[in-house]
Amino acid sequence: MEQRKFRMPTAYTILFCLILLVALSTWLIPAGSYDYADGIPISGSYHAVAPTPQGIGAALKAAFRGFYDAVDVCVFILMVGGFLGVVMKTGAIDAGVSNVISRLQGRENLLITILMLFFGLGGTTYGMWEETMAFFPLLLPIFLAAGYDAVVGVAVILLGAGAGVIASTVNPFATGIAAGFAGVSLGDGILWRIIQFVLFEGIAIWYVSASAARIKRDPSRSVVGIGAGRLHADVGRVQPLTRRHAAILLIFAATFLTMIYGVIPFDEMGLPLPVLGWWFPELSALFLVAGLMDRLSEVELAETFVSGCTDLLGVAFIIGISRGITVLMNDGHITDTILHWGETALSGLGSTSFVLLVF
């Protein structure tokens, strides 16, 4: 009798298991809460509250409540998917990729550097993270066709954006909020944050480039196996890049640059530039409008946009279900208890040890 091989469960199954585990934890972990000022917990104000254990009904509803809580992010992801679907349908991406790969043959490391800087700038300016989900299906084929493995493509996006987020030079949702509570300007300390960005992004680019070079020289060093996840693309056949393709790629780039500009609080940085104050609703509308800027027929355009949304529907599901875990913890009043335990465990440590353990 053939023995069944273990298969890793899907992300959805893992998340639902975590929801059940959290529901069970609300029966075991004491309920508690901090006093809050402007949404921030006050240190030393933790106190016990009446327990509110979450049953099977609450666990089943948690994922749906998570969708309500994260609907802005989910809709934005779907709009990005529709936008990318239309752009891919035009063939502009394929033509652009084949031309880039053709011109960079032997110098593909430049592609790694350019893209990581792009994601790093997104991370350091507005905390680009959920938005990177849309780029994995778009960029992985590029790196596979260039002779790398899937891990290199993932690392370019993950480490590129992550290094930028760590520095968060003008990120209004991290540094901006912290500066507000500290009573200082967002521009205070920006020189040191810029130095951090250059340092962290540079190390990330060097690390990914070195790993990519090793894998390209010897595919057996790939952690996903020899040839696993490789795309056997005919990179010798370069598709012509027409004026229409160039115009679409220009709209593509302008859309993401507009997204970055729209979320930066220039007024808090002391810069005399118009502040748009955009967030997910405005960004979703931006990608919706940009996705309609092509000469496809009405039926084809609608079907292509919806099909693109479908491609990222799984990502939206994961975000919504994940947010359900937070909703369940808050309803069970165990979030603050866990924070209090962390506060107690780390109190009295030196600043270096505290930062490392908190991270």
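Since the model is a prediction, treat every value here as computed from it, not as a measurement.

Cut-offs and rules
Residues numbered from 1 in each chain as written. Predicted model: local features only at pLDDT ≥ 70, side-chain atom pairs only at ≥ 80, totals over all residues. Heavy atoms only, no water. Axes fitted to C-alpha atoms, helices over the stretch in contact; angles between N-to-C directions. Helix = DSSP H or I, 4+ residues; strand = E, 2+ residues; numbered from the N terminus. Parallel < 35°, antiparallel > 145°, perpendicular 65-115°, else oblique. Left-handed = near helix turned anticlockwise from the far one by under 90°. Contact = heavy atoms within 4.5 Å. Nonpolar A, V, L, I, M, F, W, Y, C, P; charged D, E, K, R; others polar. Salt bridge = Lys/Arg side-chain N within 4 Å of Asp/Glu carboxyl O. Buried < 20%, exposed > 50% of the residue type's maximum accessible area, 1.4 Å probe, protein only. Expected span 1.5 Å × (residues − 1). Patch = residues over 30% accessible without salt bridge, like charges linked within 9 Å, V, L, I, M, F, W, Y side chains within 5 Å. Areas by Shrake-Rupley, 256 points an atom, 1.4 Å probe, with all protein chains shown as cover. Core = buried A, V, L, I, M, F, W, Y, C linked by side-chain atoms within 4.5 Å.

Here the focus is the packing of helix α3 (residues 71-89) against helix α10 (residues 243-263). Orientation of α3 relative to α10, taken along the N-to-C sense of each, is 160 degrees, at an axis distance of 11 Å. As summarised for this structure, α3 and α10 are arranged roughly antiparallel, according to the angle between their axes. Helix-helix and strand crossings are classified by hand; for α3 and α10 the assignment is left-handed. In this structure, α3 uses F76, F83, L84 and V87 to contact α10, whose residues at the interface are I248, F252, T255, F256 and M259. Split by residue class, the contact of α3 with α10 holds eight nonpolar, one polar and no charged.

Turning our attention to the pattern of salt bridges. Counting across every chain of the model gives three salt bridges. Residues D69 and R323 are paired through a salt bridge, measuring 3.4 Å at the closest nitrogen-oxygen approach. With D69 in helix α2 (residues 56-69) and R323 in helix α13 (residues 313-331), this residue pair connects regions lying 254 residues apart in the sequence. The partly exposed category is assigned to D69, whose relative accessible area is 43%. Residue classification places R323 among the partly exposed positions, given a relative accessible area of 26%. Note that K89 is salt-bridged to E300, the shortest N-O span being 3.5 Å. A residue pair is termed long-range when its members are at least 10 positions apart, and K89 in helix α3 and E300 in helix α12 (residues 298-311) qualify at 211 residues.

Let's shift gears to helix α7 (residues 150-167). Across its 18 residues, α7 extends 26 Å between first and last C-alpha, which sits within 8% of the 26 Å expected from 1.5 Å per residue. Of the residues making up α7, those classed as buried are V152, G153, A155, V156, I157, G160, A161, G162, A163, G164 and A167. Looking at the buried residues of α7, the elements they touch are α5 (109-126), α6 (136-145) and α9 (190-217). Two residues or fewer past α7, S168 is found with a positive phi of approximately 45 degrees.

Running from N to C, α5 and α6 point in directions that differ by 165 degrees, and their axes come no closer than 12 Å. Judged on the interaxial angle alone, α6 and α5 are roughly antiparallel. As α5 packs across α6, the resulting crossing turns out to be left-handed. Across the interface between the two elements, L111, I112, L115 and F119 from α5 touch L139, I142 and F143 from α6. Taken together, the residues of the contact of α5 with α6 sort by class into seven nonpolar, no polar and no charged.

So, on to a nonpolar patch on the surface. Residues F6, M8, I14, L18, L21, L24, W27 and L28 make up a contiguous nonpolar surface patch of about 930 Å² in total accessible area. Note on placement: W27 falls in helix α1 (residues 11-28). Look at W27 and you get exposed, because its relative accessible area is 56%.

This part covers the nonpolar core. The nonpolar side chains of soluble globular proteins are, as a tendency, buried together. In this structure, I112 and F143 are the most contacted members of the largest nonpolar core, which totals 63 residues. By residue number, the principal contributor to this core is α3, which donates ten residues. If sequence neighbours within four positions are ignored, I112 has contacts with F143, Y148, V152, V156, V208, S209 and A212. Counting residues in each nonpolar core, the second largest holds ten residues, with V22, A62, I321 and L328 among its members.

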